[in-house]
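If you want the building blocks of each chain, they are given just below.
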Amino acid sequence: VDDIAVVPSGATFLATRGTAEHVERIAKLDHLQALWANPASPELFRACSQAPALKAIYVCHFKRLSAVSLAGASRLEHLMLSWAPKLVDLSFLRDLPALRTIYLEDMKRVDLTTLPDLPQVTGFHLGGGMWSTEFRIELPGRCADLEGEGAIEYFRREHVSGLVHV
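Because the structure is a prediction, the values reported are computed rather than measured. In every chain, residue numbers begin from 1 and rise along the written sequence. Only residues with pLDDT of 70 or above have their local features reported here, since the model is predicted, and side-chain atom pairs are shown and tallied only from 80 upward, although totals for entire chains, interfaces and linings are computed over all residues. No hydrogens and no water enter the side-chain calculation; it runs on all heavy atoms of the structure.

Chemist: How should the nonpolar core be read in this particular structure?
Modeler: Only buried residues count toward a nonpolar core. Its members are Ala, Val, Leu, Ile, Met, Phe, Trp, Tyr and Cys residues joined through side-chain atoms within 4.5 Å. Only protein chains enter the accessibility calculation, which uses a 1.4 Å probe; a residue is then buried when its area is under 20% of its type maximum, exposed when over 50%, and partly exposed in between. Judged by nonpolar contacts, the single largest core of 45 residues is most densely connected at I26, L35, L70, L79, L81 and L93. Where this core is concerned, the elements lending two or more residues are strand 2 (34-37), helix 1 (42-50), strand 3 (56-60), strand 4 (78-82), strand 5 (101-105) and strand 6 (123-127). No other element matches the four residues that helix 1 contributes to this core. The contact criterion used throughout is that any non-hydrogen atoms of two residues lie within 4.5 Å. Excluding residues that lie within four positions of it along the chain, L79 makes contacts with I57, L70, F92, L93, L96, L99, T101, I102 and Y103. For the purposes of this entry, the term helix denotes a DSSP run of H or I that reaches at least four residues, the term strand denotes a run of E that reaches at least two, and both are numbered from the N terminus.

Chemist: I keep staring at the pairing of strand 1 (residues 13-16) and nothing clicks. Help me out?
Modeler: When a strand is regular, its side chains alternate between the sheet's two faces. Side chains L14 and T16 project from strand 1 onto a buried face, and the interleaved F13 and A15 project onto a face without burial. A pair of strands is labelled paired if DSSP reports no fewer than 2 bridges between them. Relative to strand 2, strand 1 runs parallel, the two being bridged by four bridges. When the sheet's bridge partners are listed, F13 is paired in strand 2 with A34.

Chemist: Before we go on, may I ask you to explain unusual backbone geometry in this structure?
Modeler: Excluding glycine, residues mostly carry a negative phi; peptide bonds, for their part, are mostly trans. In this structure, the amide linkage connecting N38 to the following residue, P39, adopts the cis form with an omega of 5 degrees. Here P39 is to be found in the loop between strand 2 and helix 1. Of note in the backbone geometry, H22 takes a positive phi value of approximately 60 degrees without being a glycine. With respect to the helices, strands and loops of the structure, H22 is situated in the loop between strand 1 and strand 2. H22 sits in the partly exposed class, given a relative accessible area of 37%. Even without a glycine there, the phi angle at K63 is positive, about 55 degrees. One can find K63 in the loop between strand 3 and strand 4.

The structure is reproduced here in structure tokens:
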């Protein structure tokens, strides 16, 4: 939808744009459990962080956005972020105590050394996606443990070089 004002108050799923009108109303949708949005915006993340029942966020096309602010999203369990060429810092994930699965796709600059310890996470996906340039990743702490448990999946391995455990 292009205007969140028309979304019924009992909605449990919402597909919208981060630039939709009245995006702040997402915070007042008490039954909303899952959201898909394209493109991302700071206003979208701010509203999502305040949505009381939101458990899953799927956001793609970050354009120039380089930060994600979800502090306060205490029920968020599943997070998919895609096509975020400017996103580097993943430390915001520490603000998500219920987070269980992380799906990162098309992250051209992400720095996995900023990945906080996330003992509750049971699934992690890092994909090279559409970026044709190689990137190098290092798997710090808990991330390296997850790989050993088979919970990490690498998509399009031909774009990933030099897996290094630190």
